[in-house]
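Spelled out from the first residue to the last, the chains are:
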Amino acid sequence: MKSSIILLDNKKDYSWQFKRMIDASAGQMMINTLKTTGVDSVYFVSDQTIAVSDAKVVADLFDAIKDINQVDVEILLLNDIYPCLKKETVAALFAEDYTRIKGTKNIKLHIKDLAKIKDIKFKDVDAADDELVTVDNYEQFNALKKQLRQVVLAKHIANGVNFIDEDLVYIGDEVKIAAGAVIEANVSLFGKTEIGADTLIGSGSYLENAVIGSECKILASRITDSKMGNKVTCGPWSHLRNGCEVHDNVRIGNFVEFKNTVFGYKSRCAHLTYLGDSKVGEDVNIGCGVVTVNYDGHHKYHTEIGDHAFIGSNANLIAPIKIGDYALVAAGSTVNCDVEDGAMGIARNRQSNKEGYGYQYIKKEK
């Protein structure tokens, strides 16, 4: 097990180290780098009395962190936050028993050895100057933010991603984009987002922790913590969140919101719809204005719609409810009972026309 402890000097202002840059702070970027080298836990510790050359102080510090107070835990001790530190450098630090980076005190020890140490010795590890950048003020923060943004963009351009205007795109360091993808202007891609080959991410889209397949079109939409298959059209102005899973060849239109919903192969939801806590089968048509009524003020309930079902416009599905295969829910219905396979559910008052009432009303209004 590997862990890292970063000692922070109480006399130094670290506020800029924890402000968001693109999609992460300098501190989080360093944590991400450490984790890519197999580090399980990262701890930030601040104590102005700490002297890293004092073995007893270090031993007491490690004992105070009970989570990692166990035998055979490798610990890398760092004296500051270095957001540009490369994983190769971190790996080199862990490869030696006692190491340092150009005057930066870094220690890798086994806890069982701490009590025996009297004098800490170091070995040099080469690191480029740009790896040792720190963020102590607004000028450094802004400069590093611009530098990191250009580095990320250059990586994706080299991999064959087409940016319509790279000056108006914001991409986090962990984002993956396949060759052939097209990213339009005013797009933000953050977290562990992945974009498939030949997919278009249209202007105004925001994706975070979203996995998008190949040959999709995402038009001015917001997708977070969700997955999408291949050849899907989404938007404009759709919102998918909280663990949605959209299968291949699906159409999601404008002003549609999905929350914690599975949407099956070749199903369609063209406009003005909310599906929450739902599972929708294959080849289902969801009409305009359909709402899953999934919350009673205390609990969330599930809606299930079978394969080849047809949900008419302006229908309310009051969960928990199951709509069967090849079932039809008539437009304008508020349905609170299951609809069996192949059946039609209709729940609305019968219409009655009052002769002349319309003319009288309209003339009176004028």
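Residues numbered from 1 in each chain as written. Predicted model: local features only at pLDDT ≥ 70, side-chain atom pairs only at ≥ 80, totals over all residues. Heavy atoms only, no water.

> What's the story with the overall build of the protein chain in this structure? I'm lost.
The helix and strand tally for the protein chain stands at six helices and 29 strands. The 366 residues of the protein chain split such that 45% are buried. Put simply, 32% of the contacts in the protein chain that link residues at least 6 apart link residues at least 24 apart. Accessible area of the protein chain: about 19,000 Å², with a carbon and sulfur share of 48%. (Helix = DSSP H or I, 4+ residues; strand = E, 2+ residues; numbered from the N terminus. Buried < 20%, exposed > 50% of the residue type's maximum accessible area, 1.4 Å probe, protein only. Contact = heavy atoms within 4.5 Å. Areas by Shrake-Rupley, 256 points an atom, 1.4 Å probe, with all protein chains shown as cover.)

> Just to check I follow, could you spell out the packing of aromatic side chains for this structure?
In this description, a pair of aromatic rings is defined by centroid distance and the angle of the planes. Enumeration according to the criterion identifies five aromatic pairs in this entry. An angle of 75° between the planes, with centres 5.6 Å apart, marks the rings of phenylalanine 190 and tyrosine 206 as edge-to-face. Of this pair, phenylalanine 190 sits in strand β10 (residues 187–190) while tyrosine 206 sits in strand β13 (residues 206–212); the two residues are 16 residues apart in sequence, bridging distant segments of the chain. What makes tyrosine 206 buried here is its relative accessible area of 17%. Note on tryptophan 237 and phenylalanine 255: the rings are 5.6 Å apart at their centroids and 20° apart in plane angle, and the pair reads as stacked. Of the two residues, tryptophan 237 sits in the loop between β16 (233–234) and β17 (239–241) while phenylalanine 255 sits in strand β19 (residues 251–263), which places them 18 residues apart along the sequence. Residue tryptophan 237 is classed as exposed on the basis of its relative accessible area, which comes to 53%. Using a relative accessible area of 47% as the deciding quantity, one classes phenylalanine 255 as partly exposed. (Phe/Tyr/Trp six-rings, centres within 6.5 Å; stacked < 30°, edge-to-face > 60°.)

> Even after reading the chapter, I still don't get the nonpolar core, so can you show me in this structure?
A general feature of soluble globular proteins is that nonpolar side chains tend to end up buried together. In this structure, Leu189 and Phe258 are the most contacted members of the largest nonpolar core, which totals 48 residues. When contributions to this core are tallied by element, the ones reaching two or more residues are α5 (138–158), β7 (169–171), β10, β13, β15 (222–228), β19, β20 (268–280) and β26 (321–323). If near-sequence neighbours (up to four positions away) are discounted, phenylalanine 258 is found in contact with His239, Leu240, Arg241, Cys244, Val246, Ile252, Phe263, Cys269 and Leu275. Listed in part, the 28 residues of the second largest apolar core include Ala26, Val39, Ile81 and Val90. (Core = buried A, V, L, I, M, F, W, Y, C linked by side-chain atoms within 4.5 Å.)

> In this structure, what is going on with the pairing of β15? I would like to understand it.
Successive side chains on a regular strand alternate, one facing one side of the sheet and the next facing the other. Strand direction decides the pairing type here: β13 and β15, joined by six bridges, are parallel. Counterpart to glutamate 208 in the pairing with β15 is threonine 224. In the sheet, β15 pairs with β17 via two bridges, with the strands oriented parallel. Directly across from arginine 222, in β17, lies its bridge partner histidine 239. Taken together, the two bridges between β15 and strand β18 (residues 245–246) define a ladder with parallel strand orientation. Bridge pairing in β18 places methionine 228 opposite valine 246. (Pairing = 2+ DSSP bridges.)

On their own, these measurements won't tell you what the molecule is for.
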